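Survey of secondary and tertiary structure
Residue-level listing of the chains:
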Amino acid sequence: MTRVVITGTGAITPSGLDAARLWDAVASGRSAITRLDAPAFAGLAVRIGGQVSGFETTVEPSLARRLTPMQLWAIAAADQALAEAGATPLPWGPERVAVIAATGSGPVDAMQQATRALDARGPRAVPLTLSMHGAPDAAAAVLSQRHGILGGAQGVSATCASGAVGLGEGLRRIRHGYADAVLVVGMEDCLNAVNLSSNANMRALASGYEDDPARASRPFDAARSGFVMAQGAAAVVLESETSAHRRGAPALAELAGFGASSDAYHPTAPDPSGAGGARAIRAALADAGIGTVDHINAHGTGTVAGDAAELAAFAAAFGAAARGIPISATKSSTGHLLGASGVVEAIIAVATLRHGILPSTINLDDPAFPEWNIVTEPREQHVRTVLSTSFGFGGHNGAVILRTGEPDDRP
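Residues numbered from 1 in each chain as written. Predicted model: local features only at pLDDT ≥ 70, side-chain atom pairs only at ≥ 80, totals over all residues. Heavy atoms only, no water.

1. Topic: the nonpolar core
- Judged by nonpolar contacts, the single largest core of 47 residues is most densely connected at Leu 167, Val 236, Leu 238 and Leu 402.
- The element that contributes the greatest number of residues to this core is helix H13 (residues 341–355), accounting for nine residues.
- When sequence neighbours within four positions are dropped, the list of residues in contact with Leu 167 reads Val 184, Val 236, Leu 238, Leu 255, Gly 342, Val 343, Ala 346 and Val 400.
- Grouped together as the second largest cluster of nonpolar side chains are 36 residues, Ala 64, Ala 87, Trp 92 and Val 185 included. (Core = buried A, V, L, I, M, F, W, Y, C linked by side-chain atoms within 4.5 Å. Buried < 20%, exposed > 50% of the residue type's maximum accessible area, 1.4 Å probe, protein only. Helix = DSSP H or I, 4+ residues; strand = E, 2+ residues; numbered from the N terminus. Contact = heavy atoms within 4.5 Å.)

2. Re the packing of aromatic side chains
- The final tally for this structure, using the stated rule, is two aromatic pairs.
- Considering the side-chain rings of Phe 220 and Phe 369, the 6.3 Å spacing of their centres and the 85° angle between planes classify their relative orientation as edge-to-face. Placement of Phe 220 in the loop between helix H8 (193–201) and strand S7 (232–240) and of Phe 369 in the loop between strand S11 (357–358) and strand S12 (379–380) is noted, with a sequence separation of 149 residues between them. Each of the two residues, Phe 220 as well as Phe 369, counts as buried. (Phe/Tyr/Trp six-rings, centres within 6.5 Å; stacked < 30°, edge-to-face > 60°.)

3. A short note on the pairing of strand S4 (residues 97–102)
- Across the six residues that make up S4, a large majority, six, are buried.
- Of the two faces of S4, the one holding Val 97, Val 99 and Ala 101 and the one holding Ala 98, Ile 100 and Ala 102 are both buried throughout.
- For S4 and strand S6 (residues 181–188), the ladder comprises six bridges, and the chain directions are parallel. In the sheet register, Ala 98 faces S6, and the bridge partner there is Val 182. (Pairing = 2+ DSSP bridges.)

4. Points about the packing of helix H3 (residues 69–84) against helix H6 (residues 138–147)
- Closest axis-to-axis distance for the H3/H6 pair is 10 Å, and the angle between their directions is 45°. On the basis of their axis angle, the class for H3 and H6 is oblique. Along this stretch, H3 crosses H6, giving a crossing that reads as right-handed. Where H3 approaches H6, its residues Gln 71, Ala 74, Ile 75, Ala 78, Asp 79 and Leu 82 are matched on the opposing element by Ala 138, Ala 139, Val 142, Leu 143, Arg 146 and His 147.
- In terms of residue class, the contact of H3 with H6 is built from eight nonpolar, two polar and two charged. (Axes fitted to C-alpha atoms, helices over the stretch in contact; angles between N-to-C directions. Parallel < 35°, antiparallel > 145°, perpendicular 65-115°, else oblique. Left-handed = near helix turned anticlockwise from the far one by under 90°. Nonpolar A, V, L, I, M, F, W, Y, C, P; charged D, E, K, R; others polar.)

5. Regarding the sheet that holds S6
- Here 10 strands make up an open sheet; going across it, the order is S5-S4-S6-S7-S1-S8-S14-S13-S9-S10 and the pairing mixed. What marks the edges here is a single partner per strand, and that holds for strand S5 (153–156) and strand S10 (327–328).
- Bridge analysis of strand S13 (residues 385–392) against strand S14 (residues 396–403) gives eight bridges, and the strand direction is antiparallel. Bridged to Ser 388 within S14 is Val 400.

6. Considering the packing of helix H1 (residues 19–27) against H13
- Across the interface, H1 lies against H13 with an axial gap of 10 Å and an inter-helix angle of 75°. The pairing of H1 with H13 is recorded here as roughly perpendicular in orientation. Along the contact surface, H1 presents Ala 19, Leu 22, Trp 23 and Val 26, while H13 presents Val 344, Ile 347, Ile 348, Ala 351, Thr 352 and His 355.
- For the contact of H1 with H13, the residue count by class is eight nonpolar, two polar and no charged.

Written out as structure tokens, the structure reads:
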């Protein structure tokens, strides 16, 4: 079967404005969560989150005015990934390259602004570009035009599992021979009054941390009370191992397996048995041709039900050996980038493989699950395989397996 490798990464996140700075922040255990003090957040029940700061777009002003911040972050992350892959200009025939943009909510801010304009000034005030740049797949379309990608451009949405599903779709396109390379981008801009209010009203968000926001995201801790929303984008270049070898592009890691499933249980609550998550994990393991992994980068959002269900999924997938596998929950540092998180955490998994450091789960002061091997301090350990999980509202489950990219260190 065709091996698919990652040859480029890029990131615009609250933890850093490229993949290297993202990893440095996560590996150092630095929190990216801050208080939301802008007037737009006044009066909200929850006013903390992970904000992108210091970002300046290189997109020409005439286009930048029509795009949302989320789309501009996606373009910047994609440009970084293509540059690292040595793929500017494209080294493949343009019809042999595709782009997939993954997002849970899409450009919510564009729709909100258009609705306000309609209510205040009437139909003529609605932007004529809304049908193009207000769609979830808008970043994929813009990236295809920006880089001359002709092999297909589409959006993918599966709530918080969107990024993992986007990676899986890219993996399959290359394996099945439809493309030599796929640019996969995950993106989200959820820090707005509507999204924050909705999630706070369902009591899904950590609350009461406005005076100490860095302590809010606490996966697997007994005092966990919900997740912390964050914005940003991340991108990877996937290509066939044959293509990478032919053009001398180093493989940062191999994307070895993918699995997806649905809980079919509840609109927001996970199946407490973990059966749905376990199905996705077992499918990813089978796809990679392995039975276990050396490390897990958990979805680990810090919700009471979600963390427990995820550990149940690991137990169901790995059996008695599950509790010995070291687990990191890096959303404790980055916050939860929703539909972008699968790509963000794949990049963190790549760095874990390359640097031999298991990132810590910060804020784990009182472990709710002490029998599990949850990493609380950066740990040096050579690993060959990492499982990254992504579970979302609606019962969406995604799992990807990443493996070291050098042929002499793989099965």
